[in-house]
Amino acid sequence: MSHTFPNFPTDCKSLLCKYLSIEVFEELKDKQTSNGYTLHQAINSGVKNPDSGIGVYAGDEESYTLFAPLFDPIIKDYHGFEKSDIHKSNFNPDELKTVDSEQMQEYVVSTRIRVGRNISDLPLGSAITQQQRLDVEHKVSQALNNLNGELSGRYYPLQGLSDNDRDQLIKDHFLFKQGDRFLEAAGLNRNWPEGRGIFHNDDKTFLVWINEEDQLRIISMQMGGDIKAVFTRLHKAVSEIEKSISFAYSKHLGYISSCPTNLGTAMRASVHIKLPKLGDNMELFESIASKHHLQIRGTSGEHSQSKGGIYDISNARRLGVSEVQCVQDMYDGVVALIAKERSL
Ligand code: ADP
Ligand code: CIR
């Protein structure tokens, strides 16, 4: 099927719109990866949703090389990561410098750190087949069912959950919502809800989402602001899971993810934090956030609004910085935000 150059509205601010020149489009428009993933599929989310921040999704690891003339500048813009850079991992919780202060406990409602992972040698969610998705669910849930101690728990397929249980898990911030229009246009909602589900321990401090935007989202979370405890639990969980599953990793791009914003560490370390005064002064709020490489989200996840002066603050950089640095970015930024909030 032939496609013509997309028609972006004049106020479009997505990175897709910024970097998809006519020349790049012409160079890439007839290419497809060995899994049959095309440029048209890679850009469809940003074409259908001109309000995207980014607007592209990879269908497999090969998408990042085949469509590099489009993906490389997007990756550089978002992460400040050059084509010649190499990603390095450091997941050692002992190297995180935090002080568990009273202020942290007063302002921070809850802490959550997640990493995205995808199984090596399989297409990513946008290009995966229905059978491959079911195979992922089977393999991952089996591996998780073998975990012990604090990490031991149960897998709940989405199809087996009642509407009430599902809605309560979403409301309590444990479970993903049904994929939105961004994921829909990326092909990530195909065959929904089959093959999707959530594993969690009894306390819901360790959770794994299966087959949402990435094949795994491994999550550690708890109430309050003890960031080190959350990071330490996540490190333990990821190390255990890696004993039985091999994840897609490239020397250049780190862990391979569907969305280029998640490459590298694929880590988002966040707090829900009470900052009502800064919330009334978004310009100041955003300037501190940007200085500390932070992203501000609403409390019901990406593209949601803040409620009651509580915000979701997380590291924006994930590639070219280690896991320790991602969490350190978040912690240092949160300390600065609390100091400013108190001064207002
Ligand atoms: P992701 O972190 O995977 O990018 P979202 O932004 O969609 O995804 O958030 C997923 C869910 O996690 C949402 O319900 C959101 O409210 C919840 N969440 C994120 N950070 C925290 C936190 N620090 N405390 C409690 N819930 C959180
Ligand atoms: C977008 O482009 O807005 C969506 N596809 C989501 C992008 C990833 N999220 C993010 O950077 N916050």
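Structure first, text after, so check above.
Residues numbered from 1 in each chain as written. Chains lettered and ligands numbered in written order. Predicted model: local features only at pLDDT ≥ 70, side-chain atom pairs only at ≥ 80, totals over all residues. Heavy atoms only, no water.

## Considerations on the site of ligand 2
Selection rule: For this purpose, a residue is taken to be near a molecule or strand whenever a single non-hydrogen atom of the residue falls within 4 Å of it. Here a polar contact is taken to be a pair of N or O atoms separated by no more than 3.5 Å, where protein atoms must pair a possible hydrogen donor with a possible acceptor and residues adjacent in sequence count only if both atoms sit in side chains. For every accessible area listed, the method is Shrake-Rupley and the probe measures 1.4 Å; residues are considered covered only by the protein chains on display. Here the nonpolar group is Ala, Val, Leu, Ile, Met, Phe, Trp, Tyr, Cys and Pro; Asp, Glu, Lys and Arg are the charged ones; every other residue, Gly included, is treated as polar. As annotated, the domain borders come from an automatic or database domain assignment.
Near ligand 2 there are 13 residues, and of these Gly53, Ile54, Tyr57, Gln295 and Glu302 occur at the shortest range. One of the backbone nitrogen or oxygen atoms of glycine 55 is found 3.0 Å away from an oxygen atom of ligand 2. Against a free-state accessible area of 340 Å², the protein chains account for coverage of 92% of ligand 2. Classifying every residue of the shell around ligand 2 gives five nonpolar, six polar and two charged. Both domain 1 (15-79) and domain 2 (93-126 + 142-150 + 201-343) contribute no fewer than three residues apiece to the shell around ligand 2.

## What to know about the pattern of salt bridges
Opposite charge on two side chains allows them to pair when their charged atoms are near. Note the threshold: Basic side-chain nitrogens of Lys or Arg form a salt bridge, by our definition, when they fall within 4 Å of a carboxyl oxygen of Asp or Glu. Relative accessibility decides the category of a residue: with a 1.4 Å probe and only protein chains considered, values under 20% of the type maximum give buried, values over 50% give exposed, and everything between is partly exposed.
Tallied over the full model, the rule gives 15 salt bridges. The partner of arginine 166 in a salt bridge is aspartate 167, and the shortest N-O contact between them spans 3.2 Å. For aspartate 167, a relative accessible area of 39% puts it in the partly exposed group. What emerges from the salt-bridge pattern is a single network uniting Glu150, Arg233 and Lys236.

## Comments concerning the site of ligand 1
Here is the rule: Helix and strand labels come from DSSP, where a helix needs a run of H or I of at least four residues and a strand needs a run of E of at least two; each type is numbered from the N terminus.
Lining the immediate surroundings of ligand 1 are 18 residues, of which Ser110, Arg112, Arg217, Ser270 and Arg297 lie closest. At 2.8 Å, a side-chain N or O of arginine 114 approaches an oxygen atom of ligand 1. In the environment of ligand 1, an oxygen atom lies 2.7 Å from a nitrogen or oxygen atom belonging to the side chain of arginine 217. Taking 560 Å² as the accessible area of ligand 1 by itself, protein coverage stands at 91%. Looking at the shell around ligand 1, the elements that each hand over two or more residues are β1 (108-117), β5 (216-223) and β8 (267-274). Of the residues contributing to the shell around ligand 1, the split by class is three nonpolar, eight polar and seven charged.

## What to know about the environment of arginine 181
The criterion, for reference: Note on contacts: a residue pair is in contact if any heavy atoms of the two residues lie within 4.5 Å.
For arginine 181, the location among the structural elements is in helix α9 (residues 181-185). Residues in contact with arginine 181, not counting those within four places in the same chain, are Asn49 and Asp51.

## Some words on the nonpolar core
The criterion, for reference: For our purposes a nonpolar core is just a set of buried Ala, Val, Leu, Ile, Met, Phe, Trp, Tyr and Cys residues, chained together by side-chain atoms within 4.5 Å.
Residues Phe206, Ile218 and Ile241 are the most contacted members of the largest nonpolar core, which totals 54 residues. Residue contributions to this core peak at eight residues, all from helix α13 (residues 323-343). In this view, isoleucine 218 contacts Ile113, Arg114, Val115, Arg117, Phe206, Leu207, Val208, Leu234, Ala237, Val238 and Ile241; residues no more than four positions away in its chain are not counted. Phe8, Leu28, Phe81 and Ala248 belong to the second-largest nonpolar core, a separate cluster that totals 35 residues.

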